[in-house]
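Chain and residue survey
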Amino acid sequence: MPDNPAAEDRRPACALPKRAGESLVLGIETSCDETAAAVLAGQASDRNAAPTTRLLSNVVLSQIEEHAAFGGVVPEIAARTHVAALDGIIEAALSDAGTALYDIDAIAVTAGPGLIGGLMAGFTTAKALAFGADKPLLPINHLEGHALTARMTHGLAFPYLLLLVSGGHTQIVLVRGVGDYERLGTTIDDALGEAFDKTAKLIGLPYPGGPNVEEAALAGDSTRFALPRPLKGTARPDFSFSGLKTAVRQAAESAAPLGEKDVADLCASFQAAVRDTLADRVGRALDRFAADHPSVTTPTLVVAGGVAANAYLRDGLETLCREKEWRFIAPPLSLCTDNGAMIAHAGLERLLAGLIPDVRAVFAMAPRSRWPLDESATPLVGSGKRGAKA
């Protein structure tokens, strides 16, 4: 852990006092390999409008260095790092916000989905803080944090369409309101972020795969390797990336030994296939939304999750939205990857909506490694004691 964890990707300190009518929410996020905490001030706006918010602090400690040698996230290392760093990260978030724990109105914490060790570290800490300070505890679905971020950054009203693309999830979700979601499409195998990481590993690029594939592709020829566009043309807007990953492996084997130009061309060809696939799959979801919601005069697509930081894919989605006369929104890059601000915002939305769970129930609750945003959706790739996979 660094000597000053608050120096890791944080906003400048803000000592403005809480304004009349505002609520302060502390958000804690430990679902994977970022240890994060944030303080958000906000108050309700008009009926369907997003809350008016001020992000007072946002502290994120990345664990990339801890996991790089292993080519991916090691759950045990992630959990131990969360335990060691979390108290300091929370203290830094409160200090940056110019506030103290007892000034906070509620504590929001990621309760799933994610790596169970990390979730336990964050949830247990949040329970202790809530109990000691006598504050409401709001367990937050990590995916809901991503789903509602655009309301914090752009004041977006409901309903809208969400494309969630991360290391663990690739979904198209209709966002009707806080806690009201309908999954329109999902991956039937690999998540897109996972496909980026596995592709990088196949061709010898370091972890994390996504940024390194994107960088290498800048010098590549996207037409050199003929890669598939999985599920393109099918009616339901689901995704599949396992076959694309296999095609990359076969192309790499055919071109071995790989030189720098081969790697660049593979990355560019892979990204082009992904971009085309996203345009086809998302395009079908946009058409469905427009047919089902003709009264929405400015339909909006929100893209969120770590893969949303990929500029090439963002450009493809923006182009699609222009062609279909949709509004396109992507949160700032710092809010695409996992962070405490999105958890604090989801908590604020639930607090303002009166969605505060019973104290006994929430303290008896255990974190969930699987937690679909739309729990009524039929699982496409199986289920089990821990819940639906996707």
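Residues numbered from 1 in each chain as written. Predicted model: local features only at pLDDT ≥ 70, side-chain atom pairs only at ≥ 80, totals over all residues. Heavy atoms only, no water.

Quick notes on the packing of aromatic side chains
- Here the structure, examined in full by the defined rule, presents five aromatic pairs.
- Between F158 and Y160, the ring centres sit 5.9 Å apart and the planes meet at 10°, which makes this aromatic pair stacked.
- The exposure class of F158 is buried, given its relative accessible area of 12%.
- Residue Y160 is classed as buried on the basis of its relative accessible area of 0%.
- Measuring from centroid to centroid gives 5.2 Å for F289 and W326, while their planes differ by 65°, and the two rings are edge-to-face. Taken together, the positions of F289 in helix 8 (residues 260-292) and W326 in the loop between helix 9 (311-324) and strand 10 (327-329) put the pair 37 residues apart, joining distant regions of the chain.
- Using a relative accessible area of 2% as the deciding quantity, one classes F289 as buried.
- Sitting over the face of the ring of F123, K127 holds its NZ or CZ atom 4.8 Å from the ring centroid. (Phe/Tyr/Trp six-rings, centres within 6.5 Å; stacked < 30°, edge-to-face > 60°. Buried < 20%, exposed > 50% of the residue type's maximum accessible area, 1.4 Å probe, protein only. Helix = DSSP H or I, 4+ residues; strand = E, 2+ residues; numbered from the N terminus. Lys NZ or Arg CZ within 6 Å of the ring centre and 35° of its normal.)

Considerations on the pairing of strand 4 (residues 106-112)
- Among the seven residues that make up strand 4, seven are buried, leaving the element largely enclosed by the rest of the structure.
- Direction of pairing for strand 1 (residues 23-29) relative to strand 4: parallel, over a ladder of four bridges. Each bridged residue has a counterpart across the sheet, and for G27 the counterpart in strand 4 is A108.
- Examined bridge by bridge, strand 4 and strand 5 (residues 137-141) share five bridges and lie parallel to one another. Within strand 5, the residue paired with G112 across the bridge is N141.
- Taken together, strand 4, helix 3 (residues 116-133) and strand 5 form a β-α-β motif whose crossover is right-handed. (Pairing = 2+ DSSP bridges. Right-handed = clockwise from strand over helix to strand, strands pointing away.)

Comments concerning the nonpolar core
- In this structure, L161, L163, L192, F270 and L301 are the most contacted members of the largest nonpolar core, which totals 49 residues.
- The element that contributes the greatest number of residues to this core is helix 8, accounting for twelve residues.
- Once residues within four sequence positions are removed from consideration, L192 is found in contact with V165, S166, T170, F241, V274, L278, V307 and L313.
- Core analysis: the second largest hydrophobic core is formed by 33 residues, L55, Y181, I343 and L351 among them. (Core = buried A, V, L, I, M, F, W, Y, C linked by side-chain atoms within 4.5 Å. Contact = heavy atoms within 4.5 Å.)

Some details on the pattern of salt bridges
- Counted under the stated rule, the structure contains 21 salt bridges.
- One salt bridge in this structure joins E253 and R249, with 3.3 Å as the shortest N-O distance. Taken together, the residues E253 and R249, both in helix 7 (residues 242-255) and four residues apart, mark about one turn of the helix.
- Looking at R249, the relative accessible area reads 34%, which means it is partly exposed.
- Here R275 and D315 are joined by a salt bridge, their closest N and O atoms 3.1 Å apart. Taken as a pair, R275 in helix 8 and D315 in helix 9 lie far apart in primary sequence, 40 residues in all.
- Look at the salt bridges and you will find they share partners, linking R176, D180, E182, R288 and D292 into a network. (Salt bridge = Lys/Arg side-chain N within 4 Å of Asp/Glu carboxyl O.)

Focus on the confidence of the model for the protein
- With 92% of its residues at a pLDDT of 70 or more, the protein has an overall mean of 91.
- Contacts from residues 1-15, a stretch scored under 50 in pLDDT, to residues over four places away or in other chains number 33 contacts.
- Predicted confidence for residues 382-387 stays below pLDDT 50, and this span has eight contacts to residues more than four positions away or in other chains. (pLDDT = per-residue confidence, 0-100.)

Things to note about the sheet that holds strand 1
- Spatial strand order, 3-2-1-4-5: five strands in an open sheet with mixed pairing. Across the chains shown, the open sheet's two edge strands, defined by having one partner strand only, are strand 3 (52-62) and strand 5. Here the strands of the sheet are splayed against their neighbours by 20° on average, with no regard to which way each runs.
- Packing against the sheet, helix 3 makes contact with strand 1, strand 4 and strand 5, and its axis sits at approximately 155° to strand 4.
- Along the sheet face, helix 4 (residues 142-154) touches strand 1, strand 2 (34-43), strand 3, strand 4 and strand 5 and points at about 95° away from the line of strand 5. (Axes fitted to C-alpha atoms, helices over the stretch in contact; angles between N-to-C directions.)

Comments concerning the sheet that holds strand 9 (residues 300-304)
- Spatial ordering of the open sheet is given by 8-7-6-9-10, a layout of five strands whose pairing is mixed. At either margin of the open sheet sits one strand with a lone partner, and together these are strand 8 (180-186) and strand 10. Sheet twist, expressed as the average angle between the axes of neighbouring strands with direction ignored, equals 25°.
- Bridge count for strand 6 (residues 160-165) against strand 7 (residues 170-177) is six bridges, and the pairing is antiparallel.

Description of the layout of surface pockets
- By volume, the second largest pocket is sized at about 240 Å³.
- Taken together, 14 residues form the lining of the second largest pocket, with N141, E144, R350, W371 and E375 sitting closest to its centre.
- With three residues, the single largest contributor to the lining of the second largest pocket is strand 5.
- Grouping the constituent residues of the lining of the second largest pocket by class yields nine nonpolar, two polar and three charged. (1 Å grid on protein atoms, 1.4 Å probe; cavity = no way out; pocket = protein on both sides within 12 Å on 5 of 7 lines; lining within 4 Å. Points joined across faces, edges and corners; volume = space filled by probe spheres on them. Nonpolar A, V, L, I, M, F, W, Y, C, P; charged D, E, K, R; others polar.)

Details of empty space enclosed by the protein
- This model, assessed by the stated rule, comprises one cavity of 30 Å³ or more.
- By volume, the largest cavity amounts to about 40 Å³.
- Lining the largest cavity are L163, V165, L278, V303, V307, A308, N310, L313, R314 and L317.
- Mapped onto the lining of the largest cavity, the elements with two or more residues apiece are strand 6 and helix 9.
- Examining the composition of the lining of the largest cavity, we find that three residues originate from one element, helix 9, more than from any other.

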